[in-house]
Amino acid sequence: MRARYFYGWNVVAATFVMALFTFGLGFYGLTVYVATLQRLHGWSAAAVSAPVTVYYVAGALVTAAIGGVYARFGPRLVVVGASIAMAAGLAALGQVRQPWQLYPVFLVMAVGWGSMSGAAINIILAPWWERRRGLAVSIAFNGATLGGVTVAPALIPLIAVLGFTRALVVAGFVSFAVVIAVAAVVMRRGPDALGLGPDGAAAPSAVTPPSVAAARRWRGEALRTWRFWSVSAPFALGLAAQVGVLTHLVALVSPAVGAGGTARAVGTTTAAALIGRLLTGVVVDRLNRRAVASATLVIQILGLAVLTRPPSAAAVYVGCALFGLGVGNLTTLPGLILAVEWPRERFSALVGLAVGINQLTFAFGPSLVGVLRDRVGGDALALGACATLQALAAAMILLGPGRPPGRLTRCGS
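Each chain carries its own residue numbering, running from 1 in the written order of its sequence. Only residues with pLDDT of 70 or above have their local features reported here, since the model is predicted, and side-chain atom pairs are shown and tallied only from 80 upward, although totals for entire chains, interfaces and linings are computed over all residues. Note that water and hydrogens are dropped before the side-chain values are worked out from all heavy atoms of the structure.

### Observations concerning the overall build of the protein chain
Right, so step 1: Helices and strands together make up the secondary structure of the protein chain, namely 16 helices and 0 strands.
Right, so step 2: Relative to the 2.2 N^0.38 estimate, which gives 22 Å for 413 residues, the radius of gyration of the protein chain is 20 Å and therefore close to what a compact globule would have.
Right, so step 3: Projected onto its principal axes, the C-alpha positions of the protein chain cover 60 × 45 × 45 Å.
Right, so step 4: Note on classification: 1.4 Å probe, protein chains only; a residue is buried when its accessible area is under 20% of the maximum for its type, exposed when over 50%, partly exposed between these limits. Looking at the protein chain residue by residue over its 413 residues, the buried ones come to 56%. Going along the chain from the N terminus, every DSSP run of H or I of four or more residues is numbered as a helix, and every run of E of two or more is numbered as a strand. As defined in this context, the radius of gyration uses C-alpha atoms, and a globule is described by 2.2 Å times the residue total to the power 0.38.

Here it is in C-alpha cells:
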C-alpha cells in the first residue's frame, strides 16, 4: 500500500518560496544595493554600511520576539504583513537621495526581514517535522540560497535596464505578491489541524501550547547555560564575518572581474551555498551537527584565504565557491543543533532567541568590513579579520556539551 502523502511537504515548499524572495532581496540583495548606492551617489563604504547594521539590529529585535507573534496570529497573517513591509521598504529604498534616509527605509524593511528569515522558517516548520527535520529545514533554506543564485544576480541587469528606482519597485512588489499568495493558500499552523502528528505520524495526545511566561522563563534559563551560548556565540561570530563579506562582495570582486564577472561571482557564491546546504541536509541527521558546523567554518576560512591573494578571475571564483559552500549552512545549523539539544516544546522560544542574538551580532559585520576597507584602502585586512572571527567560531562550537542527558530530551522536562 502506498504511503499517504504528507501535507508537511507543501509547507516546506511554501517556506522555500518565502525564503527565495526574503533572502534574495533582503539578504543577498544588500550587496547590490550597497554597491549601486555608492556608484550613484559617491557615498563611502562606511556611510552605506552603518544603515545596514541598523537594519540587522532591528531585524534581530523582531526575530527575538517573532515566536510569540507566530503563536498568536499564525503563519498566514504574519507572512502577509511582513511581505507588505518588505515590498514597501524596497520601493522606498529606490527613492533615497541622502545617506540619512537609508535609516528609516531599512527599519521598515527590517520588519519584513525579521519576520520571515531564519527563525521564522524554523518556527513554521517545527510543528510539522521531528524525525526528518534536518532534511525539511535544509530544503526550505535552499530557497534562501537559490534567492542568492537567481534573485540577487538578476537585480544587476534589471537595474541596468529599468534604473535603480523602478527596478526595486518591480522586484519588491512582484516577488512579495507571490509570497503572499503562497502563504494564504498553503501555510497552516500545524499537522494537528489535519489529525496528524509530526512527519505525518498519528496525532499525539493534545499538548497545551506554552504560555508567554513559560517561554520567557525558558529563554532566561537558556541564557544562563553554556549549552545555549556554545551554539549562539560561535554562529554569531561566524555570521558576522559572513554577512560582512557578502554585503561588500560586489565591491570586493568587481575590480578583478568587472561587471559581468561580478554577477558570475555572486552566482558562484550562492550556487555553492545551494550545493553545500543540500549535501549537508542529506546527511546532517546522521552526523554530529557541531562537527559539521566547525567543518563548514573551516571551508569558509579557506575561501577567504584564496580571496586575499593577488586579484585574478580564477582566485575570485575559487574563493567565492569555497566561501559559498558554508553560506547556507551557517543559517541552517543553529536551529538543527538546538532541536537535538533542547526539549521540543522549548524550540520556538530558543530558536528565536538564538537567531536574534546572531543577527544582533552580525549586524556589525558590514560596518566592520566597510570601516576597514575605508581606513586601510585595501581588502586584505578586512578579509583577514573575518577569517579570524570564523576561526574562533570553529573552535568554540566544538567546546559545547553536545547532546544532553535523556531527561532534557523528553517533552515536558
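After that view of the structure, there is still more to cover.
### Section: the pattern of salt bridges
Right, so step 1: A pairing counts as a salt bridge when a side-chain nitrogen of Lys or Arg comes within 4 Å of a carboxyl oxygen of Asp or Glu. If you walk through the whole model with that rule in mind, you get 3 salt bridges.
Right, so step 2: Linking E341 and R227 is a salt bridge whose minimum nitrogen-to-oxygen distance equals 4.0 Å. Of this pair, E341 sits in helix α12 (residues 313-341) while R227 sits in helix α9 (residues 226-247), and the two are 114 residues apart along the sequence. This pair shows no difference in class: E341 is buried, exactly as R227 is.

### Side note on the nonpolar core
Right, so step 1: Each nonpolar core is a collection of buried residues, namely Ala, Val, Leu, Ile, Met, Phe, Trp, Tyr and Cys, held together in the definition by side-chain atoms within 4.5 Å. Residues Y56 and L93 are the most contacted members of the largest nonpolar core, which totals 126 residues.
Right, so step 2: In terms of residue count, helix α3 (residues 45-93) provides more of this core than any other element does, 14 residues in total.
Right, so step 3: The contact criterion used is simple: two residues touch if any of their non-hydrogen atoms lie within 4.5 Å. When neighbours within four sequence positions are excluded, Y56 is seen to be in contact with G26, F27, L30, W113, V243, Q359, F362, A363 and P366.

### Let's talk about the packing of aromatic side chains
Right, so step 1: Pairs were defined over the aromatic rings of Phe, Tyr and Trp, the Trp ring being its six-membered one, requiring ring centres within 6.5 Å. Orientation was assigned from the angle between planes: stacked under 30 degrees, edge-to-face over 60, tilted for the rest. Throughout the structure, instances matching the rule amount to 16 aromatic pairs.
Right, so step 2: When the ring of F228 is compared with that of W229, the centres are 5.8 Å apart and the planes differ by 80°; the resulting orientation is edge-to-face.
Right, so step 3: The buried category is assigned to F228, whose relative accessible area is 0%.
Right, so step 4: Note on W229: relative accessible area 30%, which makes it partly exposed.
Right, so step 5: Every member of this aromatic cluster is reached through a ring pair, and the members are F23, F27, Y28, Y55, Y56, F106, W113, F141 and F362.

### Quick notes on the side chain of T332
Right, so step 1: Relative to the helices and strands, T332 is located in helix α12.
Right, so step 2: Assessed through its relative accessible area of 2%, T332 is described here as buried.

### What to know about the environment of R39
Right, so step 1: Along the polypeptide, R39 turns up in helix α2 (residues 29-41).
Right, so step 2: Residue R39 is classed as exposed on the basis of its relative accessible area of 58%.
Right, so step 3: Taking the C-alpha atoms as reference, R39 lies 18 Å from D379; in sequence the two are 340 residues apart.

### Things to note about the packing of helix α1 (residues 8-26) against α2
Right, so step 1: All axes here are fitted lines through C-alpha atoms, helices being fitted over the stretch that makes contact, and every angle between N-to-C directions spans 0 to 180 degrees. The N-to-C vectors of α1 and α2 enclose an angle of 25°; their axes lie 5 Å apart at closest approach. Between α1 and α2, the angle is such that the two are roughly parallel. Of α2, the residues touching α1 (which contributes F23, G24, L25 and G26) are G29, L30 and Y33.
Right, so step 2: Put simply, Ala, Val, Leu, Ile, Met, Phe, Trp, Tyr, Cys and Pro go in the nonpolar bin, Asp, Glu, Lys and Arg in the charged bin, and everything else, Gly too, in the polar bin. In the contact of α1 with α2, the residues fall into 4 nonpolar, 3 polar and no charged. Geometric relationships in this document are graded by angle, where less than 35 degrees denotes roughly parallel, more than 145 denotes roughly antiparallel, 65 to 115 denotes roughly perpendicular, and other angles denote oblique.

### Some points on empty space enclosed by the protein
Right, so step 1: Method remark: on a 1 Å grid restricted to protein atoms, a set of points is classed as a cavity if a 1.4 Å probe fits but cannot get out and as a pocket if it is open with protein on both sides within 12 Å along at least five of seven lines; lining residues have an atom within 4 Å of a point. Grid points are joined across faces, edges and corners, and a volume is the space filled by probe spheres set on the points. Applying the stated criterion to the full structure yields 2 cavities of 30 Å³ or more.
Right, so step 2: For the largest cavity, the calculated volume is near 120 Å³.
Right, so step 3: Lining of the largest cavity is provided by 13 residues; of these, G118, L239, T331, V355 and F362 occupy positions nearest its centre.
Right, so step 4: The set of elements that each furnish at least two residues to the lining of the largest cavity consists of α12 and α13 (347-362).
Right, so step 5: Residues belonging to the lining of the largest cavity are distributed by class as follows: 8 nonpolar, 5 polar and no charged.
Right, so step 6: Roughly 60 Å³ of internal volume is contained in the second largest cavity.
Right, so step 7: What lines the second largest cavity is F27, Y28, T31, L246, T247, L249, V266, T269 and T270.

### Quick word on α2
Right, so step 1: Here the expected span of a helix is defined as 1.5 Å times the quantity of residues minus one. With 13 residues, α2 ought to run about 18 Å at 1.5 Å a step, and its terminal C-alpha atoms sit 18 Å apart, in line with that.
Right, so step 2: Within the span of α2, buried status applies to G29, L30, T31, V32, Y33, V34, T36, L37 and Q38.

### Remarks on the state of the cysteines
Right, so step 1: For the purposes of this analysis, a disulfide is any pair of cysteine sulfur atoms at a distance within 2.5 Å. The tally for this structure, following the rule as stated, stands at 0 disulfides.
Right, so step 2: In this structure C320 is a free cysteine whose sulfur lies 13 Å from that of C386, the closest cysteine sulfur available.
Right, so step 3: Take C320: its relative accessible area is 1%, and that puts it in the buried class.
Right, so step 4: The exposure class assigned to C386 is buried, which follows from its relative accessible area of 1%.

### What to know about a nonpolar patch on the surface
Right, so step 1: Taken together, the side chains of V161, L162, V170 and V174 make up a nonpolar region of the molecular surface, amounting to roughly 350 Å² of accessible area.
Right, so step 2: Elements represented by at least two residues in the nonpolar patch include exactly α6 (133-162) and α7 (164-186).
Right, so step 3: The class of V161 is exposed, set by a relative accessible area of 69%. A patch consists of residues whose relative accessible area exceeds 30% and which take part in no salt bridge; residues with like charges are grouped when within 9 Å of each other, and nonpolar side chains (Val, Leu, Ile, Met, Phe, Trp, Tyr) when within 5 Å. Residue-level accessible areas treat just the shown protein chains as cover; the underlying method is Shrake-Rupley with a 1.4 Å probe.

### Focus: the packing of α9 against α12
For any two helices packed against each other, one specifies the inter-axial angle together with the distance between the axes.
Right, so step 1: Relative to each other, α9 and α12 sit at 160°, their axes nearing to 10 Å. As far as their axial angle goes, α12 and α9 are roughly antiparallel. The chirality of how α9 crosses α12 is left-handed. Touching R227, F228, V231, F235, G238, L239, Q242, V245 and L246 of α9 are F323, G326, V327, L330, T331, L333, P334, I337, L338 and E341, all from α12. We call a crossing left-handed when the near helix sits turned anticlockwise from the far one by less than a right angle, and right-handed when that turn is clockwise.

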